Amino acid sequence: MLMQIILCYSVAIISTLCYGKQISVFWDVGYVDGSRDGYYTRRSIGVNGTSPIPPIYATQGDNLQLTIRNSLDVPTSIHAHGIYQNGTSYLDGTGMVSQCGILPGKTFTYQINTQQAGTFLVYGSNDHQEADGLRTALVIRSLKPRFTYDEDMLITLEDWYPKTFHQKMDNINKPGVVFPPPPSYATGLVNGFNGNHTKPLRFSPGKQYRLDVASMAVTVWFKFTIPGHKLTIVEADGVETEPYSVDGLDLGPKQRYSVIVNAKPTAEFNYIYNATLYANFIPKWPGMNPRYYTGIVEYKKGASIKNYPLPDDTQLEWSEETKLLASDHQPLLEPVNRQIELSAELFKAADGSSYFVLDKLPFATSKVPTLYSAMTMGNLAQNSSTYGLQANAHILNHLEIVQVTIHNPSELYRSFHLHGHSFQVIKYGPAKDTSDDVERPIRVSTKWPLRRDTVTVASYESVTIRFKADNPGVWLLRCTMSTHYYLGLAMTFIEAPDVLQQRQTIPFELEHMCRQQNIATCGNAAGNSGLDLAGLPSPPVRNQTNS
């Protein structure tokens, strides 16, 4: 108990060793009314009175500080998607997992580690605020780039809905409501606005361009092509790859690719780029799903456009994880110390509510941020019961090799993000317990498997990933589709809690943030000592007759 008290009320002094320049970004997070899609005016979340939010740029080793002033009427927090936060897991920004939210009227500064390089995202994690516009791209340039190019360009892809996230969700998981709900169709945004009204990409003849293509979508998939131009993949989710040329990129929510594009030798023609929004989980409807967006690749203002016939997608080569090689030639992680089988499924509750599950129960946060429980519960931090049933907690030992297979025995496509890590994509295959008879081939990665932080799983398929538990902390594995995450499609890795307690300390400012909201900063999931979980809400009970 004494150790719990010491861990609970300790104060950290954070010192940052800066190798690069100081980059200070200030966000006054507030509500902004406007029309991002060109059709509907609605309230969104922006920064400094603007929406969309400008991207953030840095170079490896820079001291990047993001200061948040919360001018909303609810708490907020910020997650840097793809940034490992190794040694600073308390800055992962996941509401009630790694921190309490920043209260309205309050300010907090995130220190974003820039030792990685590549294309990342920064967005509001608390209360799914990213879905309402609190999102942008983070590009960290390498100090020693492997490829030369003349210019780099950022292309962001988003889905935008006429209603706010909570307006959409208000009636989805209430008892007695028909599930799934009626479909809602998104507008595709390219670089912040309706994809058919975006400024041209300007190319000069004979030059090489690096395009950082980032999906910031919260629900749908995008395909991206530039007919007449090959896209050579050199990075996926912040991890460099061996060059691999494709016709197009297929991106699930939160996936990113960087590609090298060779411009044409002359400015005789301009060209078209295509960004196609699609979703397999809502009915196809001409003009709505899929939705096609086009923009200009401009070599010369006023030049005629070189048109190419649109081939069937099956005739094109698309980005595919099992064909990509990690450029550092990291071999397959072996031997596997722990194997975990998960299955993304619908969970019908006895009261008529609908949820999704990845492990045993629909995920839900606790009364104490899960990281704080891991850091203050001493030896009991090694007991999964400490975190409550709905954390779906798995305890990992330090430096063990973990293999996770995610099954998707449904018609819905899925997309999953692991916080705190990039993982090797090992193989794709059929899901267990599928209800159809379609044969799905097994696709196995090469000897140097691609590493990334976000992976998609098609209907009735499974994916196997592998990572090393070398980043003590509390990390979610969750669906990047906001609706499905809201309905419980997530689980928690409690990684090396014994090492975590020795190496990290919660900063006083973050602890104080919780106390201002009467949220406990120590104890188990219920804020109690030992394994007494009294006061924690009871999880939903599965309807055994119609699950």
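Since this is a predicted model, take the numbers as computed values, not measurements.

Some points on the layout of surface pockets
Within this model, the largest pocket holds a volume of roughly 1300 Å³. K223, D250, Y278, D313 and W318 are the residues nearest the centre of the largest pocket, which is lined by 43 residues in total. Of all the elements in the fold, those that place two or more residues in the lining of the largest pocket are β14 (221-225), β19 (271-278), β20 (291-298) and β30 (454-457). With four residues, the top contributor of residues to the lining of the largest pocket is β19. Of the voids in this model, the second largest pocket is the one considered here, and its volume is about 1100 Å³. In this structure, the second largest pocket is lined by 44 residues; those nearest its centre are P180, P181, P182, P183 and I282. Those elements that provide at least two residues to the lining of the second largest pocket are α2 (165-169), β22 (345-348) and α4 (482-486). Here the residues of the lining of the second largest pocket are counted per class, giving 26 nonpolar, 11 polar and seven charged.

Quick word on empty space enclosed by the protein
All chains considered together, the criterion is met by three cavities of 30 Å³ or more. Approximately 60 Å³ is the volume attributed to the largest cavity. In terms of lining residues, the largest cavity is bounded by R42, A131, D132, Y161, K163, T164, F165, K168, V218, T219 and T483. Split by residue class, the lining of the largest cavity holds four nonpolar, three polar and four charged. Size it by volume and the second largest cavity reaches roughly 40 Å³. Surrounding the second largest cavity, L66, I78, H79, A80, Q85, L91, Y110, I112 and V122 form its lining. For the lining of the second largest cavity, the secondary-structure elements that each account for two or more residues are β5 (78-81) and β6 (107-112). Element by element, the count of residues in the lining of the second largest cavity is highest for β5, at three residues. Class assignment for the residues of the lining of the second largest cavity results in seven nonpolar, two polar and no charged.

Parameters at a glance
Residues numbered from 1 in each chain as written. Predicted model: local features only at pLDDT ≥ 70, side-chain atom pairs only at ≥ 80, totals over all residues. Heavy atoms only, no water. 1 Å grid on protein atoms, 1.4 Å probe; cavity = no way out; pocket = protein on both sides within 12 Å on 5 of 7 lines; lining within 4 Å. Points joined across faces, edges and corners; volume = space filled by probe spheres on them. Helix = DSSP H or I, 4+ residues; strand = E, 2+ residues; numbered from the N terminus. Nonpolar A, V, L, I, M, F, W, Y, C, P; charged D, E, K, R; others polar.

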